[in-house]
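Summary of the model geometry
Residues per chain, in single letters:
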Amino acid sequence: RIKVNLSSFAGQTVRLRFAMVQYEQYFNAGVDDVMVTSTPLVKTGQATSVKASRATLRGRVNADGGSTRFYFQYGTTKRYGKETRAGHAGMADALRNRSATIRGLKAATTYHFRIVAKNAAATSKGKDHTFTTPA
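I will try to describe carefully the structure that is included in this document. (Residues numbered from 1 in each chain as written. Predicted model: local features only at pLDDT ≥ 70, side-chain atom pairs only at ≥ 80, totals over all residues. Heavy atoms only, no water.)

Within the secondary structure layout, Arg-114 lies in strand β9 (residues 110–118). An unpaired buried charge is present at Arg-114: no salt bridge exists, and Asp-128, the closest side chain of opposite charge, is 6.6 Å distant. Here the side chain of Arg-114 touches Gln-73 through a polar contact of 2.6 Å, side chain to side chain. When near neighbours in sequence (up to four residues on either side) are disregarded, Arg-114 contacts Thr-44, Tyr-71, Phe-72, Gln-73, Tyr-80, Lys-125, Gly-126, Lys-127 and Asp-128. (Helix = DSSP H or I, 4+ residues; strand = E, 2+ residues; numbered from the N terminus. Buried < 20%, exposed > 50% of the residue type's maximum accessible area, 1.4 Å probe, protein only. Lys, Arg positive; Asp, Glu negative; His and termini not counted. Salt bridge = Lys/Arg side-chain N within 4 Å of Asp/Glu carboxyl O. Polar contact = N/O pair within 3.5 Å; in protein donor to acceptor, adjacent residues only side chain to side chain. Contact = heavy atoms within 4.5 Å.)

Written out as structure tokens, the structure is:
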């Protein structure tokens, strides 16, 4: 059993090639068309600039070295039902602030929202947060 840490290849396409030579007693390994990525980390932030018909949703994304897109899901229940246009979260290995402004909200209404990030390996969903629009 061989264990190899490939994290230094995150975000890159690499080729993996394995060969075992029967009588030479060594193992030869190379790389061959494998995408190594990891799950993005997300944290839902707060809603700011909340007005009767609009709000800015905030969150943070750590792309963890892989090309990552993000968006916010929102709606009047935890089923959300709506989402913002996806934005590029980058490839950085650090939490970066991200935001999106939503419009067409109803006055005096409580909304649920969360940030979502997606890369080639996985989709990560932040915790549910709420805000209430003024009357």
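A few words now on the environment of Ala-117. Mapped onto the fold, Ala-117 is located in strand β9. With a relative accessible area of 0%, Ala-117 lands in the buried category. On a C-alpha basis, the gap between Ala-117 and Lys-43 in space is 9.8 Å, while along the polypeptide they are 74 residues apart. Not counting residues within four places of it along the chain, the set of residues in contact with Ala-117 comprises Pro-40, Val-42, Val-61, Thr-68, Arg-69, Phe-70, Ala-122, Thr-123 and Ser-124.

Even without glycine at this site, Ser-49 takes up a positive phi of about 50°. Secondary-structure assignment places Ser-49 in the loop between β3 (41–48) and β4 (54–62). We note that Ala-108 has phi near 55°; this positive angle belongs to a residue other than glycine. Tracing the backbone shows Ala-108 in the loop between β8 (96–103) and β9.

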